[in-house]
Amino acid sequence: MATDTDTDGLIGGESERRPDRERTGNAVINWMEGLSEAAYAYLLLLPAFALLTLIAFYPMIRTFVTSLRANQTRGLDPLGGFVGIENYVDILTGNARLARQFLDVGLTSSFPFIELGTPFFQQALFVTLGFAVISVVVETVIGFGQAYVLDQEFTGRRWVRVAIILPWAVPIVIQGMIFFLLFQPTVGFGSDLMQSLGLFSATPLANSRDAFIIILVADIWKSSAFMALLILAGLQSVDRSLYDVARVAGASPWQRFKLITLPLVMPALLVAMLFRTMDAMRVFGLIESTAGCTTVPSLSCLVVEAMFGGTRIYATAAAVAFATALVIGLIIGVYVLLFRDTEGGMY
Amino acid sequence: MTAASDVAGIMHSDGDEPSIQQALWDAGLDEDIRVEIQTVVSDSATRMQTTQSALEAGRSPPDIHMMDSGWTVPFILRNQTVNLTERFPDETLQYVNDTYLEAILETARDPQSDDLHALPLFPDLGFTLYRQDLIEDAGYNTDGWGTDPPRWEEFSAAVRDARDQAGLDYGYTTQAAAYEGLSCCTFNEVMTSWGGAYYGGVDNLFTAGDRPITVSDQRVIDAIRMMRSFIAGEEENTLDGYPQICPSAIVQWTEQQSLNPFAGGDAVSNRNWSYAIAETGTEDGFGENLGVMTRPYAVSRQEAQYSDVGGTAAALGGWNLAVSPFSNREEEALQVLEAFANREVMLSVFRLGGFLPPNLDLVAEADASDVGPVARYADVVKSASENAIPRPATDLWPEQSALIYQAVNAAYRGVQAPEVAMNDLESELEQSEAEVQANGN
């Protein structure tokens, strides 16, 4: 590997250099030593990239190729001929062979120039994006608050920590069953309570809007603890003396938060938000165990339904899966682009 | 062979205790052949996924797949089952064709060639369970209801009065959640009892692609409006003469959730499968006070527009056995299936597990002390088999079923008018059927 020391003449001046082969006796090692630091780093990363390509990109490429074929519900061959982007056109125009659509929006001549083919809460793209945005924002705010509390010194802090972190230990299916039973009219009190307040219908788990809210609350209940844990790690790494200095300088609590806490916690916060966003975009288990994918269809629900729904529509399933991966990739891309210049970096 | 724990638990026994395996050996199965069960979950949709994974991968064992009568045909059409018509001895084939319930045989045949590709293990039928004591106390005569059910008007009035007089929370509980059970069974029954059909009568059940779509007919709309009346009383999109008897929660209930209030004594009537008779008809349960019948009706068979609909109805469920074409032990697997097509084996399965025999004449022959309360209702079981209505289980059924149960559930909940929901559904089904015409699949 090339270093400053190398070129500064450990071996000697240009005139005294001997051919590479003579330096180590191995041309490959000599070539590697001649690389810049960046090039050498990439060289070392090559095996990892190759492995990643194999286990991540190869299935994606195969999925994409499958999505360009026709569905074949009969016969031994599960796929028909090449149909180009027909399956993508179908899923983006609300014509896919699915009970709930990926996207079903039409254009009109009058304001606002678009109309929904099916209700908002029955289109997987809107449900997933809505779920991801609302859940991540609320969980971040609540998680920050919880982490702030946990970061303080007070009697019984240990028990408060346990109470806050406990929901994170609940398995998804149990979490789903808790909320399912809570809103079963003959079992839980949730339906009656929310109906008496005029907020929900009598059968909230059968109503897409109500069920969406229930799933959102269930996710926030559990995942805020995850945000709190990661943000707490960030908070605890802040040098306490900075606050003392700020106090002496006359900074208000808000100024201390804005100028010290937030910037220093930002890297941990962004990592936590990124993880939660990816998780929220892939939501499936919670929906399946609470209201079911028919009532609240997410993108992952659609993939599972298309793949295992019974009618063999593998090409449509592949198109939905690939489009879902693109949407998630796009969202992650937004994160990386928006926060690339943030202090502490975003990878 | 794949099976859920209910069948797995009776396949083998300790010592000389009776078991299905012993019955198979007694029926002539080679004693070297022992049926090993690969236990799967009881949920039908998950089992379909497991079967699909194994067969798409060409994996074996399992050599014999237990398939729901609702999704056997798609596997047949994908050439993922062994043709039993070609492989069974003539006498076995004749015994099956002559004595098995025809409705379940249709779910095990190739709709194009009519060849048998799976052997029915047991059928199941939808029944209406009711508290005979409460309804009679309310002043209604239930004599003959078992095999000659009343019209919906009389039934709903009786349930309402019995509920009010006994001070119960619920009248009639059934399954109306947005799931397969709504499209295949409970709505299929109600629609049939109104003389309606998905595809213009039972002749078109298994021939996707070139058949009329009749979900927007007035009979179908009226069936939904009646259910809306049962759920919501006198509100919009309901039907006069049908009182509120169902809790609104039925739109998110499946089998067990609808049975619980009835079994707990909080409801007058419940629509369910034969296991519910065994569960509630014991002496510890309602005993002789349990009344069982097929569905009440609104339009008689003579008044119905399409063939073999109208009058009472009982949805057809049940399971078939299919041999995997990827099996390395195909001969042995076929021998096992042949042994299942035996009178004594069917009775053993009935006795040990309570599963109805595919030859329903055997129900009357079973000893009541052996098979429990179901034997008491042998005449109702017979009547149900004569009025069995299968789902249109083609290779397109899974996708069409999802469209149907969503539309019907939305109409039941009142978020869509029945006419609108059924018109939308008609267009969606037309699009689905067009796939067959356009692509042959």
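Residues numbered from 1 in each chain as written. Chains lettered and ligands numbered in written order. Predicted model: local features only at pLDDT ≥ 70, side-chain atom pairs only at ≥ 80, totals over all residues.

1. Examining the overall build of chain B
1) Next: Helix and strand counts for chain B stand at 20 helices and 10 strands.
2) Next: Oriented by its inertia axes, the alpha-carbon framework of chain B measures out at about 65 × 55 × 35 Å.
3) Next: Evaluated residue by residue, chain B yields a buried proportion of 58% over its 441 residues.
4) Next: In chain B, once contacts between residues fewer than 6 apart in sequence are set aside, the share between residues at least 24 apart is 72%. (Helix = DSSP H or I, 4+ residues; strand = E, 2+ residues; numbered from the N terminus. Buried ≥ 20, exposed ≤ 12 C-beta atoms within 10 Å, placed from the backbone. Contact = placed C-beta atoms within 7 Å.)

2. Some words on the domain arrangement of chain B
All names here are of chain B.
1) Next: Taken domain by domain, chain B holds domain 1 (2–123 + 317–381) and domain 2 (127–313 + 393–439).
2) Next: Taking only C-alpha atoms into account, the centre of domain 1 sits 28 Å from that of domain 2.
3) Next: The partner domain 2 presents 22 residues to the 20 residues of domain 1 that form the contact.
4) Next: Counting only elements with at least two residues in the side of domain 1 that touches domain 2, the list comes to helix 4 (72–77) and helix 18 (378–386). (Domains from an automatic or database assignment.)

3. Topic: the environment of Ser183 of chain B
Residue and element names in this part refer to chain B.
1) Next: One can find Ser183 in helix 10 (residues 180–193).
2) Next: We classify Ser183 as buried; it has 26 C-beta atoms within 10 Å.
3) Next: Between the alpha carbons of Ser183 and Arg343 there is a distance of 33 Å; along the sequence they are 160 residues apart.
4) Next: In this structure Ser183 touches Asn188, Ser401, Ile404, Tyr405 and Val408, once residues within four positions along its chain are discounted.

4. Side note on the confidence of the model for chain B
1) Next: On average, residues of chain B score 90 in pLDDT, and 99% of them are at 70 or above.
2) Next: Quick note on the complex model: pTM equals 0.83, ipTM equals 0.78. (pLDDT = per-residue confidence, 0-100.)

5. Description of the nonpolar core
1) Next: Counting residues in hydrophobic clusters, the biggest one holds 215 residues, and the most contacted among them are Ile231 and Val320 of chain A together with Leu119 of chain B.
2) Next: Among the elements that take part in this core, helix 10 (residues 208–236) of chain A stands out by supplying 12 residues, more than any other. (Core = buried A, V, L, I, M, F, W, Y, C linked by C-beta atoms within 7 Å.)

6. Some remarks on the packing of helix 10 of chain A against helix 12 (residues 253–281) of chain A
For any two helices packed against each other, one specifies the inter-axial angle together with the distance between the axes.
All names here are of chain A.
1) Next: Orientation of helix 10 relative to helix 12, taken along the N-to-C sense of each, is 155°, at an axis distance of 8 Å. Between helix 10 and helix 12, the angle falls in the class roughly antiparallel. Between helix 10 and helix 12 lies a crossing whose hand is right-handed. Across from Ser223, Phe226, Met227, Leu230, Ile231, Ala233, Gly234 and Leu235 in helix 10, the residues of helix 12 making contact are Val265, Ala268, Leu269, Val271, Ala272 and Arg276.
2) Next: Broken down by class, the residue content of the contact of helix 10 with helix 12 amounts to 11 nonpolar, 2 polar and 1 charged. (Axes fitted to C-alpha atoms, helices over the stretch in contact; angles between N-to-C directions. Parallel < 35°, antiparallel > 145°, perpendicular 65-115°, else oblique. Left-handed = near helix turned anticlockwise from the far one by under 90°. Nonpolar A, V, L, I, M, F, W, Y, C, P; charged D, E, K, R; others polar.)

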